[in-house]
Amino acid sequence: MDVKTGFFYLFSVVLLFAAFRVVTARNPVHAVLYLMLAFSQASAVWFLLNAEFLAILLVLVYLGAVMVLFLFVVMMLDIGMDTVRKGFWKNFPLAATLGAIVALEMAAVLLSGFRLSTAPAMALGAVPVDNTKALGILLYTEYLMPIQIAAAILLVAMIAAIALTLRERKDSKAIDPSIQVRVRAADRMQVVKMAPTQAAPAPDAQTDAAPAEVKK
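Residues numbered from 1 in each chain as written. Predicted model: local features only at pLDDT ≥ 70, side-chain atom pairs only at ≥ 80, totals over all residues. Heavy atoms only, no water.

- The protein is annotated in an unreviewed UniProt entry as NADH-quinone oxidoreductase subunit J of Limnohabitans planktonicus II-D5.
- What UniProt records for the protein under Sequence similarities (unreviewed entry) is the sentence "Belongs to the complex I subunit 6 family." (UniProt positions renumbered as here; feature names shortened; annotations may be inferred.)

What follows is the structure, encoded as structure tokens:
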């Protein structure tokens, strides 16, 4: 067994363990952390398969953005696990049925076997290139128009999100950044000189007479 095969088995074992713990972990925060571990091991396996673009994409998009967002959402929601576990046996038959269907589909794919043929080397012209460069050349040559349309749609969505955020609403308190920049400490706080000690107020005559009447 060579080094590459050893790393493949190592990453695969950690990946399977992390995936199992995602399902069995009782704490949702721990489940998200195990899912991040599973994604990192899947990225390492893709590196071994010379799919570095997919590996980097998995790390940047899922580990760097999506899973961190999930982690913050789970930690801020403070999910009550006692309430979640109440409906476990109610939903168990449907979950078991779907799990059995997925297991049968995976077994059908694995039992049919894979064709162990050597993949041809990717080359554009006479010079062989890696898959990341080949994918970039393919996207920006043959699929340039769909890429431009997708970029325009994303730009419109980004501008719409910014416009919805910055719109003036009566039920929200908006602050003008230009006013915050020009603010001075003298406009917000005024220092008043006061004596360190003050004389006690003189007792009231009616207050002194009241206890005397009570004694009589």
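### A short note on unusual backbone geometry
- Of note in this structure, Asn50 is not a glycine but carries a positive phi near 65°.
- By the secondary structure assignment, Asn50 is in the loop between helix H2 (28-48) and helix H3 (52-77).
- Relative accessible area serves as the criterion here: at 52%, Asn50 is assigned to the exposed category. (Helix = DSSP H or I, 4+ residues; strand = E, 2+ residues; numbered from the N terminus. Buried < 20%, exposed > 50% of the residue type's maximum accessible area, 1.4 Å probe, protein only.)

### Re the layout of surface pockets
- Its boundaries defined by the atoms lining it, the second largest pocket holds a volume of some 190 Å³.
- Lys4, Thr5, Phe8, Leu48, Leu49 and Asn50 are the residues that line the second largest pocket.
- With three residues, the single largest contributor to the lining of the second largest pocket is helix H1 (residues 3-24). (1 Å grid on protein atoms, 1.4 Å probe; cavity = no way out; pocket = protein on both sides within 12 Å on 5 of 7 lines; lining within 4 Å. Points joined across faces, edges and corners; volume = space filled by probe spheres on them.)

### Brief notes about the side chain of Gln41
- Of note, Gln41 is situated in helix H2.
- Taking relative accessible area as the criterion, Gln41 reaches 12% and is therefore assigned buried.
- Every residue in contact with Gln41, bar those within four places of it in the chain, is listed here: Phe11, Val14 and Leu15. (Contact = heavy atoms within 4.5 Å.)

### Comments concerning the packing of aromatic side chains
- The full count for this structure, using the stated rule, is four aromatic pairs.
- Note on Phe8 and Tyr9: the rings are 5.8 Å apart at their centroids and 70° apart in plane angle, and the pair reads as edge-to-face.
- We classify Phe8 as partly exposed; its relative accessible area is 34%.
- On the accessibility criterion, Tyr9 (49% relative accessible area) is partly exposed.
- Ring centres of Phe17 and Tyr34 lie 6.1 Å apart, and the angle between their planes is 85°; this geometry places the pair in the edge-to-face category. One end of the pair, Phe17, is in helix H1; the other, Tyr34, is in helix H2, with 17 residues separating them in the sequence.
- Of the residues examined, Phe17 reaches a relative accessible area of 46% and is grouped as partly exposed.
- Given a relative accessible area of 23%, Tyr34 falls into the partly exposed group. (Phe/Tyr/Trp six-rings, centres within 6.5 Å; stacked < 30°, edge-to-face > 60°.)

### Overview of the UniProt feature "transmembrane region" (unreviewed entry) in the protein
- The feature "transmembrane region" (unreviewed entry), as annotated in UniProt, sits at residues 6-24, 31-49, 55-80, 92-114 and 143-166 in this numbering.
- The distance from the first to the last C-alpha atom of residues 31-49 is 27 Å, and the span holds 95% helix and 0% strand.
- Between the end C-alpha atoms of residues 143-166 the distance is 35 Å, and the span holds 96% helix and 0% strand.

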